[in-house]
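In case you want the letters, here they are:
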Amino acid sequence: MGRRMGRWRVVLGVLAMVMGLYLWWLQAPLPVQAATINGKGRPSATPVGVFGFYLNTGFSLQPEDRYTYLNAPGKQILTTDTAHSMWAIVTGLTASDHFQWYQSTDAGQSWSKVNKGQQSDLTLPTDKVGTTYYQQSFQYYTIVPIPFVTATYYSRVATVETLPTPVDATKLTVTSDNHYLYNNQVFDGKKVAATTYVHATPEPANATGELTWTSSDPTLATVDAHTGKVTANTAEKAGSVTITGTLTNHDQSTITDHTTIDIGGGLMDQSAAEGQTATFHVLGGDQQAPDQVAWYRLASGSSQATKVATIKGAAGLTYTTPATKKADDQAKYYATATYTMYDEQEKPQTQTVTTRQATLTVQPDTTPDVRITSKVKNLTDSTGDTDQQLSNVITGDHFTISGTLQDANGDTAMADGDLIISIPGSAQVTNFTVDDAEAQYYVKVAPDGLSKQLIVSGVQLDWVFPKSFRVTLTSQQSALRRYSTRVQLISYDSKNQQLGTYQGDPLTINFTDGNLHATANPVNFGTVGPAELGQDVPAQGQTDLLDVTDYRREKVATQVGLQQVTPFQNGTQELPATLNFDNGQGRRLPITADPQPVAEIAANQSVPAIGPSQGQRLDFHLNALASQLGHYTATIQWTFISGPQG
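Each chain has its residues counted from 1, following the order in which its sequence is written. The predicted origin of the model limits local features to residues at a pLDDT of at least 70 and limits the giving and counting of side-chain atom pairs to 80 or more, whereas totals for whole chains, interfaces and linings rest on all residues. Side-chain measures were taken over the full set of non-hydrogen atoms in the model, leaving aside hydrogen atoms and water.

An unreviewed UniProt entry annotates the chain as Ig domain-containing protein originating from Levilactobacillus suantsaiihabitans.

Moving on to the overall build of the chain. When its secondary structure is counted, the chain shows two helices and 52 strands. Atoms counted for the radius of gyration: C-alpha only. Globule rule: 2.2 Å times residue count to the power 0.38. For 646 residues, the compact-globule formula gives about 26 Å, and the C-alpha radius of gyration of the chain, at 51 Å, lies well above that figure. Residues classed as buried in the chain amount to 42% of the 646 residues present. Long-range pairs, those at least 24 residues apart, make up 72% of the contacts in the chain with a sequence separation of at least 6. With an accessible surface of roughly 34,400 Å², the chain has 51% of that area assigned to carbon and sulfur atoms. Neither His nor the chain ends contribute to the count of charged residues, in which Lys and Arg are positive and Asp and Glu negative. Taken as the charge centre is NZ of Lys, CZ of Arg, CG of Asp or CD of Glu, depending on the residue. Positive and negative side-chain charges of the chain, numbering 42 and 57 respectively, have mean locations separated by a distance of 12 Å. Helix and strand definitions here come from DSSP, where helices need a minimum of 4 consecutive H or I residues and strands a minimum of 2 consecutive E residues; each element is numbered from the N-terminal end. Here the term buried applies to any residue with accessible area under 20% of the maximum for its type, exposed to any over 50%, and partly exposed to those in between, with areas from a 1.4 Å probe on protein chains only. Contacts are assigned to residue pairs with any non-hydrogen atoms lying within 4.5 Å of each other. Throughout, the Shrake-Rupley method with a 1.4 Å probe supplies accessible areas, and for residues the shown protein chains are the sole cover considered.

Below, the discussion takes up the pattern of salt bridges. Note that side chains of opposite charge can pair when their charged atoms are close. When a carboxyl oxygen of Asp or Glu lies within 4 Å of a side-chain nitrogen of Lys or Arg, that pair is called a salt bridge. By the definition in use, this model includes 15 salt bridges. When the shortest N-O distance is used, the salt bridge between D269 and R356 registers 3.1 Å. Of this pair, D269 sits in the loop between strand 22 (254-264) and strand 23 (270-273) while R356 sits in the loop between strand 29 (348-354) and strand 30 (358-363), placing them 87 residues apart in sequence. Given the relative accessible area of 44%, D269 is considered partly exposed. Its relative accessible area of 30% is what places R356 among the partly exposed residues. With a closest N to O distance of 2.8 Å, R297 and D328 form a salt bridge. Separated by 31 residues along the polypeptide, R297 in strand 25 (residues 292-298) and D328 in the loop between strand 27 (318-320) and strand 28 (331-342) bring together distant segments of the chain. Here the salt bridges do not stand alone but share partners, grouping D536, D582, R588, R617 and D619 into one network.

UniProt positions are given in the numbering used here, feature names are shortened, and annotations may be inferred rather than shown by experiment. As recorded in UniProt, the sites labelled "domain: BIG2" (unreviewed entry) are residues 168-257. Helix makes up 0% of residues 168-257 and strand 54%, and the two end C-alpha atoms of the span are 16 Å apart.

Residue placement: K555 occurs in the loop between strand 46 (546-550) and strand 47 (558-569). Looking at K555, the relative accessible area reads 16%, which means it is buried. Between the C-alpha atoms of K555 and T277, which are 278 residues apart in sequence, the distance is 66 Å. Sequence-distant contacts of K555, defined by excluding residues within four places in its chain, comprise D550, A603, N604, Q605 and S606.

Another aspect to go through is the sheet that holds strand 42 (residues 498-503). Note on pairing: DSSP must find at least two bridges between two strands before they are called paired. Pairing within the open sheet is antiparallel, and its five strands lie in the order 37-38-34-41-42. Single-partner strands in this sheet number two, and they are strand 37 (442-445) and strand 42. When strand polarity is set aside, the average angle formed by the axes of neighbouring strands in this sheet is 25°. The pairing of strand 37 with strand 38 (residues 451-459) spans four bridges and is antiparallel. In the sheet register, K444 faces strand 38, and the bridge partner there is Q453. Comment: axis = line fitted to C-alpha atoms, over the contacting stretch for helices; angle = value between 0 and 180 degrees taken between N-to-C directions.

Position of V598 relative to the elements: it lies in strand 50 (residues 596-601). Residues V598 and P608, spaced ten residues apart in sequence, show a C-alpha to C-alpha distance of 12 Å. Setting aside anything within four residues of it in sequence, one finds V598 in contact with V560, G561, L562, F581, L589, I591 and W638.

Our next topic: unusual backbone geometry. Residue P204 is reached from E203 by a cis peptide bond, and omega for that bond is -5°. For P204, the position within the fold is in the loop between strand 17 (195-203) and strand 18 (210-215). One non-glycine residue, D435, lies in positive phi territory at about 50°. Checked against the element boundaries, D435 lands in the loop between strand 35 (428-434) and strand 36 (437-438). For N496, which is not glycine, the phi dihedral falls at a positive 65°. Assignment of secondary structure puts N496 in the loop between strand 41 (487-492) and strand 42.

As used throughout, domain bounds are those supplied by an automatic or database domain assignment. Segmenting the chain into domains produces domain 1 (49-163), domain 2 (171-264), domain 3 (270-363), domain 4 (370-511) and domain 5 (516-642). The centre of domain 2, based on its C-alpha atoms, is set 71 Å off from the matching centre of domain 4.

Looking now at the confidence of the model for the chain. Residue-level pLDDT values for the chain average 89, and 91% of them are 70 or greater. One number per residue, pLDDT, summarises how confident the predictor is, and it ranges from 0 to 100. The low-confidence segment residues 1-34, where pLDDT is below 50, has ten contacts with residues more than four positions distant or belonging to other chains.

Here the focus is the sheet that holds strand 39 (residues 467-474). Whether parallel or antiparallel, the strands of a sheet pair through hydrogen bonds between backbone atoms. Pairing is antiparallel across the open sheet formed by five strands, whose spatial order is 31-33-39-35-36. With partners counted over all chains shown, the strands left at the sheet margins are strand 31 (370-378) and strand 36, one partner each.

Mapped onto the elements, S402 comes out in strand 33 (residues 398-407). Under the relative-accessibility criterion, S402 is labelled buried at 10%. Look past the residues within four positions of S402 in its chain and what remains in contact with it is T373, S374, K375, F469 and R470.

What follows covers the packing of aromatic side chains. Paired rings are identified among Phe, Tyr and Trp, the last through its six-membered ring, by centres lying within 6.5 Å, and are further divided according to the angle between planes into stacked (under 30 degrees), edge-to-face (over 60) and tilted (the rest). The tally for this structure, following the rule as stated, stands at twelve aromatic pairs. Pairing Y319 with Y333 gives two aromatic rings, centres 6.1 Å apart and planes at 35°, and the pair type is tilted. With Y319 in strand 27 and Y333 in strand 28, the pair connects residues that are 14 residues apart, well separated along the chain. The exposure class assigned to Y319 is buried, which follows from its relative accessible area of 9%.

Before going further, it helps to examine the nonpolar core. Here, nonpolar core means buried Ala, Val, Leu, Ile, Met, Phe, Trp, Tyr and Cys residues that are tied together by side-chain atoms lying within 4.5 Å of each other. Counting 45 residues, the largest nonpolar core has V230, I243, I261, I263 and W295 as the members making the most contacts within it. In terms of residue count, strand 28 provides more of this core than any other element does, six residues in total. Inspection of this core shows a minimum of three residues originating in each of domain 2 (171-264) and domain 3 (270-363). Not counting chain neighbours up to four residues away, the residues in contact with I243 comprise V174, V198, W213, T214, S215, V223, V230, D257, H258, T259 and I261.

Glancing now at a nonpolar patch on the surface. On the surface, I146, F148 and V149 cluster together to form a nonpolar patch covering roughly 380 Å² of accessible area. Counting through the fold element by element, I146 comes out in the loop between strand 10 (130-141) and strand 11 (152-154). Any residue with relative accessible area above 30% and no salt bridge may belong to a patch, with like charges joined within 9 Å and the nonpolar Val, Leu, Ile, Met, Phe, Trp and Tyr side chains within 5 Å.

Among the six residues in strand 41, six count as buried, and that is most of the element. What you see with strand 41 is no split at all: V487, L489 and S491 on one side and Q488, I490 and Y492 on the other are buried throughout. By the bridge criterion, six bridges tie strand 34 (residues 416-424) to strand 41 in an arrangement that is antiparallel. Paired with D418 across the strands is I490, a residue of strand 41. In terms of strand pairing, strand 41 meets strand 42 through five bridges, oriented antiparallel. Bridge pairing in strand 42 places S491 opposite G500.

Below is the structure:
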């Protein structure tokens, strides 16, 4: 029984130890270094930095592992730097950092204070070969720390190995914690400089050379030659600065590398073509997602900002405008990003970072907006005409094609254009003016000779005042012709490159001979038989009996006559039948071999069509049955008598 109890004690002891280690691991922060050396204290969490500013307190620069060699000349230094939350800075205006270095020569089993180790930098001894571990702590207070209130922060454990002889580097790799720093931030009414750190990794890793840092432009950002702390300017000067690390070997040879850091106000100016969108992106804010980002817009020339969007999370670091308009040119945009972190008192602290005001440049749409108005007018006789159509142009008539030209885009790329007016080949140009001045034009005849183009080159348009044009023509057309045309303008830029072709509304010119034109249509009564004996059979369909187009300028009184020239016959036999004309007004007129007046048209009136469209019809009357079946036809004739009707 005693042995069993002893075994249980061992098992329970092992379980307790494992459980204790497990609980310690859950509570411990993620180690900064890969080594498993236990420090004087547990390394504190790394402060969170956004835009080159910190949201909580801790070591912003950790002591790095390094190699030196026996009795190395000069100072061999370990260095650190601290960051403080805005809450700590505001509530501790007179507070300062209080440092203490610790060292261990037995792999962290025991630690002791370093003599004169109360500064951020520590000068390393090189008087003997071996490995020493170092850790730094600091407290932030004014006179004395407050028990249970003032926090103690611990760095990572740095390994310093002193070698018997120096090791020269063959390569150097430089990196930066942050590649964008702000130059425009103000906290509590004071300008605050954003910072970051650069680091160098040599090859081989145990190189013992001396590392120094330089900046390509200290007016943009300075760099501490020994710590690698980069500090941006607060004069809002923007640009890219190159930070170079130089490792000087024991033999005085040097190895260098560099990295580039951008300095600015977090928002770049943008440009977009009119009608397109523009996208703004907050730079340097990718390390920590904000609570939200508010976006603001100031119209060109205005000092009043309008909030245009509030977007939560990392998505808020980007804002896309609506489709831009010309009025958006030179508008300004800026963003305020809000972050919340817990400070050393476990209280949520909010910090807001505001970007510079970035300018939006809207590149105007230079596409010509050519607008053409056009109309036609018969100067001789405009009866029945419209602005887009001349109904009756006869030989000798004078008519015009006129209108205006305008490019409504004030930012147009159009320098000038060719005005083109197509006219009938037989038309004679009487006069051609542009803005009431005689136009210089040339004529281009179509291959078929039926049309020709009047072309005025070098026409310059105004976006405010339309340019007028007018061409006067004399008709030489004697035959019926329907002619369609459009006024055109071909636009060119300053390099004489064609931009586009623009057209006015279609215009129609009906050329006539000034006479009365009529067309008789066939009349069909269908099939008739005994059932229709003695009945009036109307013509089938709704087609007019006579189509009439009256182009006469002098419309005298006119009588329309109708006569039956031949009886109904099938070639061998005559059909006993007659025709009757119903005028639609209750009057029926038998059609005989002599002309019968079926319509009377008064002077100054056009002769209309004859037939159903006017309520008129022609009836067939079968007087007796034919002795022979067949297809019977007859001929009717229309006559027009013009002059006074007595």
